[in-house]
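Spelled out, the chains give:
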Number of protein chains: 2
Amino acid sequence: MSTARSVDDLADADAHVFVPDLDVPRLDEGDRHHLVRVLRLRPGQAVTAGDGQGRVRPCRIGADGGLEPCGEAVEVAVPQPALTVAVALTKGARPELAVQKLTELGVDRIVPFVAERSVVRWEGERAGHHHRRLLRVAREAAMQSRRAYLPRLDEVCDFTTVAALPGAALCQRGGRPPSLAEPVVLVGPEGGWTAAELAAGPPAVGLGPQVLRAETAAVAVAALLVGLRAGMVAPAVRR
Amino acid sequence: MSTARSVDDLADADAHVFVPDLDVPRLDEGDRHHLVRVLRLRPGQAVTAGDGQGRVRPCRIGADGGLEPCGEAVEVAVPQPALTVAVALTKGARPELAVQKLTELGVDRIVPFVAERSVVRWEGERAGHHHRRLLRVAREAAMQSRRAYLPRLDEVCDFTTVAALPGAALCQRGGRPPSLAEPVVLVGPEGGWTAAELAAGPPAVGLGPQVLRAETAAVAVAALLVGLRAGMVAPAVRR
């Protein structure tokens, strides 16, 4: 029933799936198809069911291809601090790819936003369509990577809103190293930040000498922050 | 003429391009099209020309759309230690994506290899075709990210060969944190390593509790190793 055990259950299971009700875990048609037809799970194989809010219950595949609970639900501790990556919309960018990778790595909140040099805008019905698509990508990636918590995926917002988030920093060459003291990182569009955006306030964090595509920068900063949070690496020594 | 200056030249230029001869830098048709038609560079704009082996020469776009040198070539120091990521071939994997991202981040050598659970094989003409395509991806990503050195991209090889590289480690859950003491990381196929591969010798390095897609693991470990090499993060404190 310990937290460590439940995380092992997650990683050791043959699959992980989110369900609306952990007391009576049921697969929806899409997930059943994925588990039984794509992953080819057979009766008896271990699956963890999660509510996406930290509770996880060990189950197995039943004779009918459904879920059979085989233990009580346990609560997985919330990772601290919460990590947020805000990604500027960009022409030709692949927000699905960023959302998939950021979710796999364990980012807690993903915020698409419009920067001054974002050529793309998502408005009205189009914004809703994109948001629903990204929610599906995040859910699938969270199941694939065995997350107890679904990431929060905001609707598209503007620069001022994300820049005002507590702990925000802008990704910018020459900035100081990423740090858990600035757990909210804004990644700009390919054309870079405008002078007004740079002057708006958040400190800059840098990712070394290379010039990175926006999606690469988002994934790299997430890997470093998650690595710092998990103790895989330590904060840079100030020189 | 200093190394630091030449790195700034690279990042500050409007574009970076590889040419066969730095003494007489000439654009090939594809690169000229990219600079003039896609990036829409105009005469006078700054471009760095590189030989892909560390030498970089500042140029500008001439009246005819060609390259005009405007300074001597300088030598950029080789980043130390050299970082290698070996990526197992996998069905449905996207080696182009891994090669693009690893090149952008600054990985020095990329080795595609066949693991026991690699469903895919590249053989004969097909191997040559894939290798040429990945070389193009690496060259474009190295120009985009302003690298002085092209990464080395090996032809596909077998597990035994990559596992025998000095400083090799296998990416595996529960392993110790990535470290510059093991600058050669092997990322396995989606199905994981076999018992024989795990027993073959290289130590395991882990990337935290999440179960990552192979391409995500490759990019995350590269971000951590490059971050360690650049001093953005420090080695984990042993606990």
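This one's a predicted model, so the numbers in the text were calculated from it and none came from an experiment. (Residues numbered from 1 in each chain as written. Chains lettered and ligands numbered in written order. Predicted model: local features only at pLDDT ≥ 70, side-chain atom pairs only at ≥ 80, totals over all residues. Heavy atoms only, no water.)

Focus on the overall build of chain A
Helix and strand content of chain A: 7 helices and 13 strands. Taken over C-alpha atoms, the radius of gyration comes to 19 Å for chain A, in line with the 18 Å a tight globule of 239 residues would show. Its C-alpha atoms give chain A principal-axis dimensions of roughly 60 × 45 × 25 Å. When the 239 residues of chain A are sorted by exposure, 54% land in the buried category. Considering only contacts in chain A between residues 6 or more positions apart, those separated by 24 or more positions represent 69%. Accessible area for chain A stands at about 10800 Å²; split by element, carbon and sulfur atoms hold 52% of it. A distance of 5 Å separates the average location of the 29 positive side-chain charges in chain A from that of its 28 negative side-chain charges. (Helix = DSSP H or I, 4+ residues; strand = E, 2+ residues; numbered from the N terminus. Rg over C-alpha atoms; globule rule 2.2 N^0.38 Å. Buried < 20%, exposed > 50% of the residue type's maximum accessible area, 1.4 Å probe, protein only. Contact = heavy atoms within 4.5 Å. Areas by Shrake-Rupley, 256 points an atom, 1.4 Å probe, with all protein chains shown as cover. Lys, Arg positive; Asp, Glu negative; His and termini not counted. Charge placed at Lys NZ, Arg CZ, Asp CG, Glu CD.)

Re the nonpolar core
With 76 residues, the main nonpolar core has A:L207 and B:L207 as its most contacted residues. Residues in contact with B:L207, not counting those within four places in the same chain, are A:M232, B:C171, B:P178, B:L212, B:A217, B:A220, B:V221 and B:L224. (Core = buried A, V, L, I, M, F, W, Y, C linked by side-chain atoms within 4.5 Å.)

Points about helix α3 (residues 95–105) of chain B
Counting buried positions along α3(B) gives 9 out of 11 residues, so the element sits mostly inside the fold. At the C-terminal side of α3(B), B:G106 shows a positive phi close to 110°.

Details of the interface of chain A and chain B
Residue-level contacts link 43 residues of chain A with 43 residues of chain B. The junction of chain A with chain B conceals about 3400 Å² of combined surface from both sides, 57% of it contributed by carbon and sulfur atoms. Ranking the residues of chain A by area buried against chain B places A:V211, A:R213 and A:M232 at the top, with a combined share of 18%. Joining chain A to chain B, the criterion identifies 6 salt bridges. With a closest N to O distance of 2.9 Å, A:R213 and B:E104 form a salt bridge. Counting residues per element, the ones that place at least two in the side of chain A that touches chain B are α1 (3–12), α3 (95–105), α7 (214–229) and β13 (233–235) of chain A. Of the residues that constitute the side of chain A that touches chain B, the class distribution is 21 nonpolar, 10 polar and 12 charged. Strand direction decides the pairing type here: β13(A) and strand β13 (residues 233–235) of chain B, joined by 3 bridges, are antiparallel. By the bridge assignment for β13(B), A:A234 is matched with B:A234. (Buried area = accessible area lost by both parts, 1.4 Å probe. Salt bridge = Lys/Arg side-chain N within 4 Å of Asp/Glu carboxyl O. Nonpolar A, V, L, I, M, F, W, Y, C, P; charged D, E, K, R; others polar. Pairing = 2+ DSSP bridges.)

Some points on the pairing of strand β7 (residues 109–114) of chain A
Residue and element names in this part refer to chain A. Buried residues dominate β7, accounting for 6 of its 6 residues. Both faces of β7 are covered, namely the face carrying R109, V111 and F113 and the face carrying I110, P112 and V114. With 5 bridges connecting them, strand β6 (residues 84–88) and β7 associate as parallel partners. Within β7, the residue paired with A88 across the bridge is F113. Bridging between β7 and strand β8 (residues 152–153) involves 2 bridges; their strand directions are parallel. In the sheet register, R109 faces β8, and the bridge partner there is R152. Alignment of β7 against strand β9 (residues 157–158), held across 2 bridges, turns out to be parallel. If you follow V114 over to β9, its bridge partner there is D158.

Describing a positive patch on the surface
A cluster of basic residues, A:R37, A:R40, A:R42 and B:K91, forms a positive patch at the surface. Note that A:R37 resides in helix α2 (residues 29–38). (Patch = residues over 30% accessible without salt bridge, like charges linked within 9 Å, V, L, I, M, F, W, Y side chains within 5 Å.)

Description of the pairing of strand β1 (residues 15–18) of chain B
All names here are of chain B. Neither face of β1 is exposed, since A15 and V17 on one face and H16 and F18 on the opposite face are all buried. Of the strand pairs in this sheet, β1 and strand β2 (residues 46–50) are connected by 4 bridges, and their pairing is parallel. Looking at the pairing, H16 lines up with T48 of β2. Crossover β1 to β2 through helix α2 (residues 29–38) is right-handed. (Right-handed = clockwise from strand over helix to strand, strands pointing away.)

Thoughts on the relation of the copies chain A and chain B
Each copy of the sequence occupies a distinct position, and chain A is placed on chain B by a rotation of 180° and an axial shift of 0.0 Å, giving an RMSD of 0.0 Å. When the rotation and shift are considered jointly, the pair of chain copies conforms to a two-fold rotation axis. For chain A, the residue whose C-alpha comes nearest the rotation axis is A:A234, separated from it by 2.4 Å. When the interface residues of chain A are mapped onto chain B, 100% of them again lie at the interface, so the same face is used by both copies. (Least-squares fit on C-alpha atoms with pLDDT ≥ 70 in both.)

Some words on helix α4 (residues 124–144) of chain A
Structural remark: α-helix, 3.6 residues per turn; residues separated by three or four positions point the same way. Residues and elements named next belong to chain A. Along its 21 residues, α4 runs 31 Å from first to last C-alpha, staying within 8% of the 30 Å computed at 1.5 Å per residue. Along α4, the positions that sit buried rather than exposed are A127, G128, H130, H131, R133, L134, V137, A138, A141, A142 and M143. In this fold, the buried residues of α4 make contact with β1 (15–18), α2, α3 and β8. R146 lies just past α4 and shows a positive phi near 65°. (Expected span 1.5 Å × (residues − 1).)

Digging into the packing of aromatic side chains
Residue and element names in this part refer to chain A. A complete count under the given rule lists 6 aromatic pairs over all chains for this structure. Summarising the aromatic geometry, the rings of F159 and W193 are spaced 5.7 Å apart at their centres and angled 55° between planes, so their arrangement reads as tilted. A residue pair is termed long-range when its members are at least 10 positions apart, and F159 in helix α5 (residues 159–163) and W193 in the loop between β11 (184–187) and α6 (195–199) qualify at 34 residues. By relative accessible area, which is 10% here, F159 ends up buried. (Phe/Tyr/Trp six-rings, centres within 6.5 Å; stacked < 30°, edge-to-face > 60°.)

Brief notes about the domain arrangement of chain A
The parts lose accessible area when they come together, and the size of an interface is often stated as this lost area. Residues and elements named next belong to chain A. Under the domain assignment used here, chain A contains domain 1 (3–75) and domain 2 (84–229). The gap between the C-alpha centroids of domain 1 and domain 2 is 30 Å. On the domain 2 side, the residues contacting the 15 residues of domain 1 number 8 residues. Both faces considered, domain 1 and domain 2 share a buried interface measuring about 980 Å² in area, 53% of it formed by carbon and sulfur atoms. Taken together, domain 1 and domain 2 are joined by 1 salt bridge. Linking R139 and D31 is a salt bridge whose minimum nitrogen-to-oxygen distance equals 2.7 Å. (Domains from an automatic or database assignment.)

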